[in-house]
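Examination of the molecular architecture
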Amino acid sequence: MRPIIICALLLLKVTLGNACASGQFTESGQCCSLCPAGYEVEVACGKEDTKCAPCPQGTFSPSKGLDPCLPCSKCPPSVPTVASCSAAHNTQCECDTGYFFLDTYNLCAPCSKCHAGEGVIRECGYQGDTMCQICGPGTFSEELVSTKPCQTCTQCSDSEVEIRPCMSNSDTLCMDRRLHILSRPAETDGTRDAPRWPDLEGVMEGEEEGKASPAPGAPKFTPQDEGGSNNILAYVSVLAAVVLGLLIYVAYKCWRSCKQKKALSKARAAELASPEGEKLQSDSGVFLDSYSIQDNQTSKGMKTDSMQDSRLYINLPPHRQEEVERLLQEGSSRGWRHLGVALGYESEQLDLFGRGEAPAHTLLSNWAQKESSTLGLLCSALARIERPDVVTALNCPSQGVSVV
């Protein structure tokens, strides 16, 4: 008898499994209850139903479930606190615009953006990162990088014809039915496609005057027919103007690139003309440019003086910080990501920084929140990744060291 009861209870569990939110049952077959937000499981469901207890101080539980309470996060020193941690809500930190607080790493990470065909269902902010969803029927999103919800598809009017239906990544394409290139011009009496016959009086007059006259049955062209040709010529003219503009733009970019290369060549030639450059080149017989000289001087100077520079990076003037961020962002293959590894950041954190539009700014801003963010440590890290140009921009101390 007991096996039959057990089988009946198992069958009841399978039948009511979808209706039970927790998916667990007591020994009597009752669905186990979920703990509400702000509570955790005190006694697990078994002989009796689940028993819940409020989250202890310093922990929280954001939703219903059977999971234990999570520890509350703490905002970094430079990030203001919007709301303190409660039993049902984590600590809310006020990051800059375009960033959200990532409690996993306890830092402000760049907000994600939706791609074409997706719309925002939750904006980036206190609740977390941006949440995207594929646009459903009747909606679309054409922007490659978007922070807006899906838009409603356009409906073609009665005077338009639908050329392409609405899709998740493009709106409906409509065109006017009365375009001359798609329809014949209407007659003066309002009828369409009516047969046109040559004017007999004009034919007789043309024969009398000896002029060429249209053959019987030939169509008679009207000013409306000429209007269609004018429209085509207008389209072709616009297209030609666009192509001409693109050619001018490409020519301008090429001219500007050549001008920059010439200026760089002149600058290097001027540096090599200096006494130090001539001495190095004449003694060794090997070509050394100014950048090699600068690398040797900077690396040797930093070994003695840069580690003792206790100035904080956050106290640098804004224009100096922008120059350092620009050098790390552009040009060299050893950029901000190599610097992040040298400063002790993990690859997952660097991937988060890389999602933003200015990862170098994000990296240095986050590093500047640490107490040990001195120029000495930063210059030492830059020396290890061989970036003497950034060290020069930071103006790290290198006095008293000579190059032999």
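Residues numbered from 1 in each chain as written. Predicted model: local features only at pLDDT ≥ 70, side-chain atom pairs only at ≥ 80, totals over all residues. Heavy atoms only, no water.

1. Some remarks on the overall build of the chain
What the chain contains, in helices and strands, is eleven helices and 14 strands. Counting all 404 residues of the chain, 27% fall into the buried class. The long-range share in the chain, meaning contacts at least 24 apart out of those at least 6 apart in sequence, stands at 46%. Roughly 27100 Å² of accessible area belongs to the chain as shown, and the carbon and sulfur atoms make up 56% of that amount. (Helix = DSSP H or I, 4+ residues; strand = E, 2+ residues; numbered from the N terminus. Buried < 20%, exposed > 50% of the residue type's maximum accessible area, 1.4 Å probe, protein only. Contact = heavy atoms within 4.5 Å. Areas by Shrake-Rupley, 256 points an atom, 1.4 Å probe, with all protein chains shown as cover.)

2. Re the packing of aromatic side chains
For the structure on display, the rule yields three aromatic pairs. Their ring planes at 70° and their centres at 5.8 Å tell us that Tyr 345 and Phe 353 sit as a pair that is edge-to-face. Judged by its relative accessible area of 0%, Phe 353 is buried. One Lys or Arg, Lys 370, reaches over the ring of Tyr 345 and ends 4.6 Å from the middle of that ring. (Phe/Tyr/Trp six-rings, centres within 6.5 Å; stacked < 30°, edge-to-face > 60°. Lys NZ or Arg CZ within 6 Å of the ring centre and 35° of its normal.)

3. A short note on the confidence of the model for the chain
Confidence in the prediction for the chain averages 76 pLDDT; 70% of positions are at 70 or higher. Confidence scores differ between elements of the chain, with helix H5 (residues 290-304) showing the lowest mean pLDDT of 44 and strand E11 (residues 139-140) the highest of 95. Below pLDDT 50 for its whole length, residues 221-225 participates in seven contacts with residues either more than four positions away or in separate chains. In the predicted structure, residues 398-404 sits below a pLDDT of 50 and forms ten contacts with residues beyond four places in sequence or in another chain. (pLDDT = per-residue confidence, 0-100.)

4. Things to note about the state of the cysteines
For the coordinates displayed, the defined rule picks out twelve disulfides. A disulfide bridge connects Cys 75 with Cys 93, and the sulfur atoms are separated by 1.8 Å. The chirality of the disulfide connecting Cys 75 with Cys 93 is left-handed, given an S-S dihedral of about -95°. Note that Cys 75 is positioned in the loop between strand E4 (70-71) and strand E5 (81-83) and Cys 93 in strand E6 (residues 92-93), a separation of 18 residues in sequence. Residue classification places Cys 93 among the buried positions, given a relative accessible area of 5%. There is a disulfide in this structure between Cys 111 and Cys 124, and the S-S distance comes to 2.0 Å. As the torsion about the S-S bond is roughly -65°, the Cys 111-Cys 124 disulfide counts as left-handed. Of this pair, Cys 111 sits in the loop between strand E8 (107-110) and strand E9 (118-122) while Cys 124 sits in the loop between E9 and strand E10 (131-134), and the two are 13 residues apart along the sequence. A residue is classified by how much of its surface remains accessible, and Cys 111, at 14% relative accessible area, is buried. This cysteine, Cys 254, is not joined by any disulfide, and Cys 258 carries the nearest cysteine sulfur, 6.7 Å off. (Disulfide = S-S within 2.5 Å.)

5. Remarks on unusual backbone geometry
At Glu 386, a position not held by glycine, the phi torsion is positive, near 60°. With respect to the secondary-structure elements, Glu 386 resides in the loop between helix H10 (375-384) and helix H11 (388-394).

6. Brief notes about the nonpolar core
Tyr 313, Leu 328, Leu 339, Leu 378, Leu 382 and Leu 394 are the most contacted members of the largest nonpolar core, which has 32 residues in total. Of all the elements in the fold, those that place two or more residues in this core are strand E7 (99-102), E8, helix H6 (318-329), helix H7 (336-342), helix H8 (347-354), helix H9 (359-367), H10 and H11. Broken down by element, the residue count for this core peaks at five residues, all from H10. Excluding its chain neighbours within four sequence positions, the residues that come into contact with Leu 339 are Leu 328, Leu 364, Leu 378, Ala 381, Leu 382 and Ile 385. (Core = buried A, V, L, I, M, F, W, Y, C linked by side-chain atoms within 4.5 Å.)

7. Quick look at the packing of H6 against H9
Direction vectors running N to C along H6 and H9 enclose 125°, while the axes themselves pass 8 Å from each other. Comparing their axes, H9 and H6 come out oblique. Judged by the twist between their axes, the crossing of H6 over H9 is right-handed. Contacts between H6 and H9 pair Val 324, Glu 325, Leu 328 and Gln 329 from the former with Pro 359, Ala 360, His 361 and Leu 364 from the latter. Among the residues forming the contact of H6 with H9, the class breakdown is five nonpolar, two polar and one charged. (Axes fitted to C-alpha atoms, helices over the stretch in contact; angles between N-to-C directions. Parallel < 35°, antiparallel > 145°, perpendicular 65-115°, else oblique. Left-handed = near helix turned anticlockwise from the far one by under 90°. Nonpolar A, V, L, I, M, F, W, Y, C, P; charged D, E, K, R; others polar.)

8. Remarks on H9
In terms of residue burial, H9 counts as a mostly covered element, since seven of its nine residues are buried. All of the buried residues along H9 are Pro 359, Ala 360, Thr 362, Leu 363, Leu 364, Asn 366 and Trp 367. Looking at the buried positions of H9, the neighbouring elements they touch are E7, E8, H6, H7, H8 and H10.

9. Examining H6
In an α-helix, one full turn covers 3.6 residues, which means residues spaced three or four apart are oriented alike. Taking 1.5 Å per residue as the helical rise, H6 with its twelve residues ought to reach 16 Å, and the 16 Å between its terminal C-alpha atoms agrees with that figure. Considered for burial, the residues of H6 that qualify are Gln 321, Val 324, Glu 325, Leu 327 and Leu 328. Along the long axis of H6, the arc covered by the buried residues comes to 160°, so they all point the same way. Opposite the packed face of H6, turned more than 90 degrees from it, sit the exposed residues Pro 318, His 319 and Glu 322. Buried residues along H6 sit in contact with H7, H9, H10 and H11. (Expected span 1.5 Å × (residues − 1). Arc of directions from axis to C-beta.)

10. Details of a nonpolar patch on the surface
On the surface, Val 238, Val 242 and Leu 246 cluster together into a nonpolar patch covering about 280 Å² of accessible area. Inspection of the secondary structure puts Val 238 in helix H3 (residues 223-272). For Val 238, a relative accessible area of 53% puts it in the exposed group. (Patch = residues over 30% accessible without salt bridge, like charges linked within 9 Å, V, L, I, M, F, W, Y side chains within 5 Å. Salt bridge = Lys/Arg side-chain N within 4 Å of Asp/Glu carboxyl O.)

11. Overview of the environment of Ala 116
Checked against the element boundaries, Ala 116 lands in the loop between E8 and E9. As for Ala 116 and Cys 150, which are separated by 34 residues in sequence, their C-alpha atoms are 9.8 Å apart. When residues no more than four places from it in sequence are discounted, the contact partners of Ala 116 are Ser 141, Glu 142, Glu 143, Leu 144 and Asn 169.

12. Overview of the side chain of Ser 170
Looking at where Ser 170 falls in the secondary structure, it is placed in the loop between strand E13 (160-164) and strand E14 (173-176). Its relative accessible area of 9% is what places Ser 170 among the buried residues. If sequence neighbours within four positions are ignored, Ser 170 has contacts with Phe 140, Glu 142 and Arg 164.

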